[in-house]
Every structure is written in structure tokens, then in C-alpha cells.
Amino acid sequence: MLKYIVRRVLQFIPMVFILSVIVFLFAYLAPGDALSGEVIDPNTPREVIEERREALGLNDPVHIQYWSWLKRAVTGDLGMSTHFTGRSVSELIGQRLGNTFYLGAFALLITLIVSIPIGIYSARKKYSVLDYAATSFAFIGLATPNFFAGLLAIYVFSFGLGWFPTQGSIGSPNLTGFDAFVSRIQHLILPGLTLGLSSTAIFMRYMRSEMLDVKGSDFIRTARAKGVGAKSVLYKHTLRNAMIPIITLLGMEIGVLLSGAFIVETVFNYPGIGTLFLSGMANRDYPVIMAINLLIGLSVLVGNLLADIFYAVADPRIRLD
């Protein structure tokens, strides 16, 4: 097991390096540069602009610019924002990352709580009323864009019923203790449900499909022939084997939730890294754009690494590869 984990970690390191190269090259090849995001008087002398470019290292060869950026990024220095004057990118991301983490964790929790039990029941009661209802919900969830689901949720549950707030992450910054916790949960419900809608539909369909596939396997028929109890067959044999592909999907879902949060955060005006990224795009704030792209890429790689490890725990045959 340890050998398998070490091998996966060693494969992870060059992937991080390749990711950093891709992120840097996309920013380098994009129109403009880091200086484009700074507000400069059109009448500024060209000598002053060139001095500023030299100070930012924009006149250096591309490999020197990359190496300089990479060394700073490894130490946690992601540069200074060119739009939010005088503020570091690390500070900006640090202020918003917690909100996005809460949103993603809440959406993932809702996804697991809803999709797995319903997927199991749909497989057990195939072609029942609930199975048809779950299938219909899955198709609707997959076909509905996040921005439309969010606007519909605001219209019905905020404007119509008045149950939940329409924007923000907390009612007031002065709230503390239990009141702050309740307010944060209230602000998470609508964006969390919206973000988790498509993921819930996907997990539900995968869970049902995998349960049906495993139920038809030879070893399940053998267990039943030996007189193993129905619950033991379901939870000890069928469910454990059906969860193996779900574990892989779960690791990939981390990056999907982060990227999907960009749209949801914008719809609900939720102060996370999604709204920060869109602000950086609008203002050509390249240090912010590069840092968030790097963060999302790392989350996808880490999610897949964890999925590989959990996959090996669930299925010991993987360790023999």
C-alpha cells in the first residue's frame, strides 16, 4: 500500500510542474500583460512606462519570467494585484477562499446525502415510482444550467417566499457565535443547492447504474446461493464494489465544484474566489488570474490523487498494478 501511494505522489509532482507551465504560458500569450491592469495616465511618458515594465520584469526572456514567478509561488508569494492597488494576491485569495470552501463542501455534502441513498433505492426498486421520479430529476438536473437554476431559486425562495437571502455570505460582519453560524448556513443553502444540482444528478445515475451492474455479477449470485442474508449482500458485497467508481468520480468532483462555483457565486453575489476571478478577468489582473487558475488546477490534481488512494483502499487489487 505504501509503495502504491509513493508511486502516485511521485507521479503527482511532474503534473504540478506541467500545470504551472500551462498556467504561465496562457497568461503570457494572452493580450496585454500585468501592466495592462494598472491604471496609467494616457499622457504618461514612455520612459516611465518602460521603467515600470522593467521593475515588473516584463522585459526579461519568457523562461526567466516563468522561473521568477514559480520561485515566488512556491514560497506563497503570488504577486501584487494590479487592480486592487497595494494588496497582495495571497491576501485577496485568503479572504475569499474560506467562503468558496464552505460553498463547495456544503454542495458536496448535499450531493452525497441525497444521491447515494436514492441511487441505492432506485437500484433495489427498479422501475418503481421513486425510480422513475429519481430518473426524471436526474435528467432535469443535468439539463438545467447553474445560472438558470440559481435565478429560479432566487425568484421562488427569496423574492416569492422570502425564506433565504439573495446575496452575500453572512448577514452582518458583526455577528458572532451561533448567530453567525446560522446566518452563514442561511446564505449557503440556495447557492449550495444550486451548485450541487448537477452533481447530485450525476452521482445518482452513477450509483444506480453501478448497483445494478454489481447485482448481476457472478459473485453476488454465489453469495445468495450460499444463503448470505439480503442486507449483507446489499451493504457488504454490492455497495462496497459499486462505490469504487463513485470514489473516482468524487475526486474529480472537487475541481468541478470549484469551477462551477464561479457562475453560482456571480448569480448570488457570493464573495468567493469565483467573483474575484471574474473581477480579475474584467480588469486584466493577471496575477489574480494566474493564481486562481493554479489553485483550481492543483485542486483537480489533489482530488485525483486522493481518489487514487481511496480507490486502492476500497479495491486491494489496484495495489498490484
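All residue numbers refer to position in the chain's written sequence, counted from 1. Restriction of local features to residues with pLDDT of at least 70 applies here, the model being predicted, together with a cutoff of 80 or more for giving and counting side-chain atom pairs; totals for whole chains, interfaces and linings are based on all residues. For side-chain calculations, the full set of non-hydrogen atoms in the structure is used, while hydrogens and water are omitted.

A. Summary view of the side chain of Arg208. By definition, any uninterrupted DSSP run of H or I lasting at least four residues is a helix, any uninterrupted run of E lasting at least two residues is a strand, and each is numbered from the N terminus. Mapped onto the secondary structure, Arg208 falls in helix 7 (residues 177-215). A polar contact is formed between the side chain of Arg208 and the side chain of Asp131, at a distance of 2.8 Å. Setting aside its immediate chain neighbours within four residues, Arg208 contacts Gly119, Ser122, Ala123, Lys126, Tyr127 and Asp131. Any pair of N or O atoms that falls within 3.5 Å is considered a polar contact. Within protein, one atom must be able to donate a hydrogen and the other to accept it, and sequence-neighbouring residues count only if both atoms are side-chain atoms. What makes two residues a contact is simply this: any of their non-hydrogen atoms within 4.5 Å.

B. Fine view of helix 7. Residue count minus one, scaled by 1.5 Å, sets the expected span of a helix. Along its 39 residues, helix 7 runs just 48 Å from first to last C-alpha, ending more than 12% under the 57 Å computed at 1.5 Å per residue. One fitted axis covers the seven residues ending at a residue, a second covers the seven starting there, and the bend at that residue is the angle between these axes. A bend of about 40° at Leu197 is the largest found in helix 7.

C. Main features of the packing of helix 4 (residues 89-124) against helix 7. Every angle, taken between N-to-C directions, lies between 0 and 180 degrees, and every axis is a line fitted to C-alpha atoms, over only the stretch in contact when it is a helix. Here helix 4 crosses helix 7 at 35°, and the two axes come no closer than 5 Å. Pair helix 4 / helix 7 crosses with right-handed handedness. Under this grouping Gly is polar, as are all residues other than the nonpolar Ala, Val, Leu, Ile, Met, Phe, Trp, Tyr, Cys and Pro and the charged Asp, Glu, Lys and Arg. Here the residues of the contact of helix 4 with helix 7 sort into 21 nonpolar, 10 polar and four charged. Crossings are sorted by hand: turned counterclockwise from the far helix by less than a right angle, the near helix makes the crossing left-handed, and turned clockwise it makes it right-handed.

D. Seen up close, the pattern of salt bridges. A carboxyl oxygen of Asp or Glu within 4 Å of a side-chain nitrogen of Lys or Arg is what we treat as a salt bridge. Summed over all chains, the structure comprises one salt bridge. A salt bridge links Asp131 to Arg208; the shortest N-O distance between them is 2.8 Å. Of this pair, Asp131 sits in helix 5 (residues 129-143) while Arg208 sits in helix 7; the two residues are 77 residues apart in sequence, bridging distant segments of the chain.

E. Molecular detail of the UniProt feature "transmembrane region" (unreviewed entry) in the chain. Sites flagged by UniProt as "transmembrane region" (unreviewed entry) map to residues 12-30, 101-120, 132-165, 185-206, 246-268 and 288-314. The annotated region residues 185-206 carries 100% helix and 0% strand content, and the separation between its end C-alpha atoms amounts to 29 Å. UniProt positions are given in the numbering used here, feature names are shortened, and annotations may be inferred rather than shown by experiment.

F. A look at the side chain of Ser158. Here Ser158 shows up in helix 6 (residues 146-160). Any residue under 20% of the maximum accessible area for its type is buried, any over 50% is exposed, and the rest in between are partly exposed; the area is computed with a 1.4 Å probe on protein chains only. On the basis of relative accessibility, which here comes to 9%, the residue Ser158 falls in the buried class. With sequence-adjacent residues up to four places away left out, Ser158 is seen in contact with Ala153, Phe164, Pro165, Thr166 and Leu190.

G. Molecular detail of the packing of aromatic side chains. Stacked, tilted and edge-to-face are the three classes applied to pairs of Phe, Tyr and Trp rings, where Trp contributes its six-membered ring and a pair requires centres within 6.5 Å; stacked means planes under 30 degrees apart, edge-to-face means over 60, and tilted covers the rest. Under the definition given, this model contains six aromatic pairs. Seen from their ring centres, Phe17 and Tyr66 are 6.3 Å apart, and the 75° between their planes marks the pair as edge-to-face. Taken as a pair, Phe17 in helix 1 (residues 2-29) and Tyr66 in helix 3 (residues 62-74) lie far apart in primary sequence, 49 residues in all. On the accessibility criterion, Phe17 (47% relative accessible area) is partly exposed. Judged by its relative accessible area of 12%, Tyr66 falls in the buried class.

H. Seen up close, the nonpolar core. With 15 residues, the main nonpolar core has Ile93 and Ile292 as its most contacted residues. Here this core takes five residues from helix 11 (residues 286-314), the largest share from any one element. Not counting chain neighbours up to four residues away, the residues in contact with Ile292 comprise Ile93, Phe262, Ile273, Leu276 and Phe277. In this structure, Ala27, Leu70, Leu301 and Ile309 belong to the second largest nonpolar core, which totals 14 residues. The term nonpolar core refers to a set of buried residues drawn from Ala, Val, Leu, Ile, Met, Phe, Trp, Tyr and Cys, joined through side-chain atoms within 4.5 Å.

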